[in-house]
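# Notes for the structure review
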Number of protein chains: 2
Amino acid sequence: MNSNRYCVIMCGGVGSRFWPFSKAARPKQFIDFFGTGRSLLQMAFDRLQGIVPTENIILLTNESYGSLIKEQLPELSSSQILMEPARRNTAPCIAWAAHHIQAINPEALMMVAPSDHLIINEEKFKRSAINAFNFIETRDALVTMGIKPTRPETGYGYIQVGEPVEGNFSKVKTFTEKPDEDLARVFLKSGEFFWNSGMFFWSAGSIIKALDNCAPEVNAVFEQGREYFGTDQEVEYINANFQACPSISIDFAVMEKAPNVYVETVEFGWNDLGTWRSLYDHSPKNSEGNVTQQCKALMFNSHNNIVAVKGDKLVVASGLEGYIVADVDDALLIVPLDEEQKIKTYVNEVKSKFGDKFL
Amino acid sequence: MNSNRYCVIMCGGVGSRFWPFSKAARPKQFIDFFGTGRSLLQMAFDRLQGIVPTENIILLTNESYGSLIKEQLPELSSSQILMEPARRNTAPCIAWAAHHIQAINPEALMMVAPSDHLIINEEKFKRSAINAFNFIETRDALVTMGIKPTRPETGYGYIQVGEPVEGNFSKVKTFTEKPDEDLARVFLKSGEFFWNSGMFFWSAGSIIKALDNCAPEVNAVFEQGREYFGTDQEVEYINANFQACPSISIDFAVMEKAPNVYVETVEFGWNDLGTWRSLYDHSPKNSEGNVTQQCKALMFNSHNNIVAVKGDKLVVASGLEGYIVADVDDALLIVPLDEEQKIKTYVNEVKSKFGDKFL
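These numbers come from a predicted model, not from an experiment. (Residues numbered from 1 in each chain as written. Chains lettered and ligands numbered in written order. Predicted model: local features only at pLDDT ≥ 70, side-chain atom pairs only at ≥ 80, totals over all residues. Heavy atoms only, no water.)

## What to know about the packing of helix α3 (residues 90-104) of chain B against helix α7 (residues 216-223) of chain B
Two quantities define a packed helix pair, namely the angle between the helix axes and the distance between the axes. All names here are of chain B. To keep it simple, the criterion reads: Each axis is a line fitted through C-alpha atoms, and for a helix only the stretch in contact is used; angles between axes span 0 to 180 degrees, taken between their N-to-C directions. Helix and strand definitions here come from DSSP, where helices need a minimum of 4 consecutive H or I residues and strands a minimum of 2 consecutive E residues; each element is numbered from the N-terminal end. Rotating anticlockwise by less than a right angle from the far helix to the near helix defines a left-handed crossing, while the corresponding clockwise rotation defines a right-handed one. Residues are treated as being in contact if the distance between any of their heavy atoms lies within 4.5 Å. Under the scheme applied here, ten amino acids are nonpolar (Ala, Val, Leu, Ile, Met, Phe, Trp, Tyr, Cys and Pro), four are charged (Asp, Glu, Lys and Arg), and all others, including Gly, are polar.
Orientation of α3 relative to α7, taken along the N-to-C sense of each, is 40°, at an axis distance of 10 Å. The element α3 and its partner α7 pack so that their crossing is right-handed. Side by side, α3 and α7 meet where Ala-91, Pro-92, Ala-95, Trp-96 and His-99 of the first sit next to Val-218, Asn-219, Phe-222 and Glu-223 of the second. Considering only residue class, the contact of α3 with α7 consists of six nonpolar, two polar and one charged.

Encoded structure:
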């Protein structure tokens, strides 16, 4: 394996749309959602085997999750875990990773991967990732993976492909916001639009240059600390300066502005697991369409529900159609799957009424 | 207070229709259902003040609940708690109590009261109970309390009143099974039918004579041990012989057969709390018709539900109309209130699948 190839796994998210199954103290990436014995993060780590050397995997997380990561991925050394002292969205986080990796290896090529996605066909994923690394090896290119859509999904952003370059790589024409259903149908039919996966490939040098051009206020925070990266003083510098970054996503800060943005169109069975619906769609169902995962559940006259209950608990339900039933320790959620976009609102209501107690 | 007056509180039931809130280890009579600080049993005990002397209150229970009773009613001495070594329905249980009390006081008059009913107007209840004691003082009479119905309830048995005797006392014409809804409406309209409350008054001598006539196979078990009642050997005798009794209700064994059965028609706001619906009906509701008792519950777009959750747990629900949500430790029940008659079936299903683990 090419020792210049790195992967940054981002695993600092809170996953509040999966409350209460995903809570601040143990967000969804740390949960074994599918009962496979591996959490989403562990699955994200596992599928990098054969793409980058294990010692080139960097985890970017919130400082509260350091010990969870060490517990779940004991293969990692402490130096592979970067802990943000504050939440500042993806651009500052990627900027730090790029400066950190460049200080270690000025030739570094980086993949950026979320920790909470589901990928079905790992072989296809591996080939696509290796192709992307090969593509950026010889180019000053910012590559994003665009997933071939399989349904008129309104929960994702889309990428419109432009001029083809080689193989599955094209220039990006536009990034779009989440479409309404009519527009999503047009996107699907056109064949020109792909789901924005949040997986990126670039050299450390290319992304730092792009940040400097497109989001200098972010890049400056790290540029000013250049002498500390890769040294014992890096953490101290970050702790003192990271909070000064504006909170901004890498899509908004760079991808929608830079001239050298490419998309690799891919197809490997992908889901961002952003919602209960997506978890439902990707989980095995019984003959009544219920997803009960590892739970003990007796469902009478009930169809198309997803039941997620922690521990050795029994659920007996009747007359439920299309509900989420999620029960974890001190919180129970019973909400129609159709309403899952409102869960964030409900969680805010919980916060305003009870503070952080149940979050 | 008349020292010949006794009350037997029956509190050996399992309350499986309230599963999982009521479990075998702590059935509903031991639960503070209304958040008043007193369990149903404690409320049943409290309302006897002024009717019978405290030392004349006898609790009849299953042997597994002895310590729960001592904990909830520390005023009682151990000799006031009779523990059945087996479940044999109400007739054997009442027969034992009658023989026990008669051995202590041959002149004893007995009231028999369930431990899990709700009575709203305790003053009216007290007057009705005292009237019943006065009625049986001079008569060989078996008196049952008949509650004036307020709705066409299909969950109760009814008593049809016959020839009036004095005050609110009449002979009983018939006992009926639970009617269907059409018949219940006819009953309600007629004014002749009253709910069978399961509260009885008789002298120990009268009920023993009636048992001897109507259910000799039950009475014989106790008659043969006459010399042991009221002595140190009573418990030993019961433990050796109680199981030989057939399992039969006092209604079926005696009340439907004896010639000297009377009904006192009463009206004091009564509910047998046999079902979630009855608990719902008798609990305070918020403006959306939800009963959430002591629980922390955020209910969105949800109406006419009853939420019963143990401990400091938060429930967030949306889109629920007319459901029971009951959560206790290792079990969660979500069932429409309309289906509550099926809960027993569901609990049987739980038993057949998981044994006694969740019961």
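## Details of the packing of aromatic side chains
Residue and element names in this part refer to chain A. Applied cut-off: Only centres within 6.5 Å qualify two rings of Phe, Tyr or Trp (six-membered ring in Trp) as a pair; their planes then separate them into stacked at under 30 degrees, edge-to-face at over 60, and tilted for everything else. Throughout this description, the term charge over a ring refers to an Arg CZ or Lys NZ atom that lies within 6 Å of the ring centre and within 35 degrees of the ring normal.
Counted by the stated rule, this structure contains 40 aromatic pairs over all chains. Here Phe-354 and Phe-358 contribute two aromatic rings whose centre-to-centre distance is 5.4 Å and whose plane-to-plane angle is 90°, an arrangement assigned as edge-to-face. Three or more aromatic residues joined by ring pairs make a cluster, and in this case those are Trp-96, Phe-222, Tyr-228, Phe-229, Tyr-237 and Phe-242. The ring of Phe-135 is capped by Arg-139, whose NZ or CZ atom sits 3.9 Å from the centre of that ring.

## So, the sheet that holds strand β14 (residues 314-318) of chain A
Rules: Two strands are counted as paired when DSSP detects at least two bridges linking them.
Taken together, five strands build an open sheet; the order of strands is β12(A)-β14(A)-β16(B)-β15(B)-β13(B) and the sheet is mixed. Of all the strands in the sheet, just β12 (296-300) of chain A together with β13 (306-309) of chain B have a single pairing partner and so form its edges. When the angles between neighbouring strand axes are averaged without regard to direction, this sheet yields 5°. The strands touched by helix α11 (residues 343-354) of chain B within the sheet are β12 and β14 of chain A together with β15 (323-328) and β16 (331-336) of chain B, with β12 of chain A carrying the most contacts at an inclination of about 145°.

## Observations regarding the packing of helix α6 (residues 204-214) of chain A against helix α7 (residues 216-223) of chain A
Residue and element names in this part refer to chain A. Our working rule: For classification purposes, an angle smaller than 35 degrees is called roughly parallel, one larger than 145 roughly antiparallel, one from 65 to 115 roughly perpendicular, and anything else oblique.
Relative to each other, α6 and α7 sit at 125°, their axes nearing to 6 Å. As the angle between them shows, α6 and α7 are arranged oblique. For the pair formed by α6 and α7, the contact residues are Ile-208, Leu-211, Asp-212, Asn-213 and Cys-214 on the first element and Pro-216, Val-218, Asn-219 and Glu-223 on the second. Residue composition of the contact of α6 with α7, grouped by class: five nonpolar, two polar and two charged.

## Considerations on the interface of chain B and chain A
Filter applied, for reference: Once two parts are brought into contact, the accessible area they lose, counted with a 1.4 Å probe and summed over both, makes up the buried area. A side-chain nitrogen of Lys or Arg and a carboxyl oxygen of Asp or Glu constitute a salt bridge if their distance falls within 4 Å. Distance and chemistry together define a polar contact, namely a pair of N or O atoms within 3.5 Å, with one atom able to donate a hydrogen and the other to accept it when in protein, and with adjacent residues in sequence counting only for side-chain atoms on both sides.
Contact residues are listed per partner, giving 33 residues for chain B and 33 residues for chain A. Summing the contributions of chain B and of chain A, the shared interface buries around 2800 Å²; its carbon and sulfur component is 68%. The interface formed by chain B and chain A contains four salt bridges. Close ionic contact of Asp-312 of chain A with Lys-357 of chain B constitutes a salt bridge, the shortest N to O distance being 2.7 Å. The interface formed by chain B and chain A contains 22 residue pairs in polar contact (both at pLDDT 80 or more). Mapped onto the side of chain B that touches chain A, the elements with two or more residues apiece are β12 (296-300), β14 (314-318), β15, β16 and α11 of chain B.

## Some points on the environment of Val-325 of chain A
Within the secondary structure, Val-325 of chain A is located in strand β15 (residues 323-328). Between the C-alpha atoms of Val-325 of chain A and Ile-119 of chain A, which are 206 residues apart in sequence, the distance is 25 Å. Not counting chain neighbours up to four residues away, the residues in contact with Val-325 of chain A comprise Ile-306, Val-307, Ala-308, Leu-320, Leu-332, Leu-333 and Ile-334 of chain A together with Leu-332 and Ile-334 of chain B.

## As for the sheet that holds β14 of chain B
Spatially, β13(A)-β15(A)-β16(A)-β14(B)-β12(B) is the arrangement adopted by the five strands of the open sheet, whose pairing is mixed. Two strands close off the open sheet at either side, each with one partner strand: β13 (306-309) of chain A together with β12 of chain B. Across the sheet, the axes of successive neighbouring strands diverge by a mean angle of 5°, strand direction being ignored. Judged from the four bridges that link them, β13 of chain A and β15 of chain A form a sheet pairing that is parallel.

## Description of the relation of the copies chain B and chain A
Put simply, the rule is: Here the copies are superposed with least squares, the fitted atoms being C-alpha atoms of residues at a pLDDT of at least 70 in both.
Rotating chain B by 180° and moving it 0.1 Å along the rotation axis overlays it on chain A with an RMSD of 0.1 Å. Such a turn and shift between the copies fits a two-fold axis.

## Looking at the confidence of the model for chain A
Selection rule: Along the chain, pLDDT gives the predictor's confidence residue by residue, from 0 to 100.
The predicted model of chain A has a mean per-residue pLDDT of 93, with 100% of residues at 70 or higher. Among the prediction metrics, the complex's ipTM stands at 0.75, with pTM recorded as 0.76.

## A look at α6 of chain A
How we decide: Exposure categories follow from relative accessible area, calculated using a 1.4 Å probe and restricted to protein chains: below 20% of the type maximum is buried, above 50% is exposed, and the middle band is partly exposed.
Among the residues making up α6 of chain A, those that are buried are Ala-204, Ser-206, Ile-207, Ile-208, Ala-210, Leu-211 and Cys-214 of chain A. Turning to α6 of chain A, the residues buried within the fold contact α3 (90-104), β4 (109-114), β6 (142-147), β9 (193-203), α7 and α9 (250-255) of chain A.

## Some points on the pairing of strand β7 (residues 158-166) of chain B
Residues and elements named next belong to chain B. Two strands pair when backbone bridges link them, and β7 and strand β9 (residues 193-203) are joined in this way by three bridges, in the antiparallel orientation. Bridging across to β9, Gln-160 finds its partner in Phe-193. The turn joining β7 and strand β8 (residues 169-176), which pair antiparallel and follow one another in sequence, is formed by two residues; a positive phi near 50° is taken by Gly-167.

## What to know about unusual backbone geometry
Between Trp-19 of chain A and Pro-20 of chain A the backbone carries a cis peptide bond, its omega angle lying at 0°. Along the polypeptide, Pro-20 of chain A turns up in the loop between β1 (5-10) and α1 (40-46). Although it is not a glycine, Asn-304 of chain A sits at a positive phi angle of roughly 55°. Residue placement: Asn-304 of chain A occurs in the loop between β12 and β13. One non-glycine residue, Asn-301 of chain B, lies in the positive phi region at around 50°. Within the secondary structure layout, Asn-301 of chain B lies in the loop between β12 and β13.

## Some details on the pairing of strand β3 (residues 81-84) of chain B
All names here are of chain B. Heads up, the rule is: If you view a crossover with the strands going away from you and the path from the first strand over the helix to the second runs clockwise, you call it right-handed.
Looking at chain direction, strand β2 (residues 57-62) and β3 are connected through four bridges and run parallel. From the neighbouring strand, Leu-59 faces β3, where its bridge partner is Ile-81. Crossover β2 to β3 through helix α2 (residues 66-72) is right-handed.

## So, the environment of Asn-241 of chain B
Residue and element names in this part refer to chain B. Turning to its location among the elements, Asn-241 is positioned in helix α8 (residues 234-241). With 19 residues separating them along the chain, Asn-241 and Phe-222 place their C-alpha atoms 8.4 Å apart. A distance of 2.8 Å separates a polar side-chain atom of Asn-241 from the backbone oxygen of Tyr-237.

## Let's talk about the pattern of salt bridges
All names here are of chain B. All told, the structure shown has 32 salt bridges over all chains when counted by the stated rule. For the salt bridge of Lys-313 with Asp-327, the shortest nitrogen-to-oxygen distance reads 3.2 Å. Here the residue Lys-313 occupies a position in the loop between β13 and β14, and Asp-327 occupies one in strand β15, the gap between them amounting to 14 residues. You can call Asp-327 buried: its relative accessible area is 2%.

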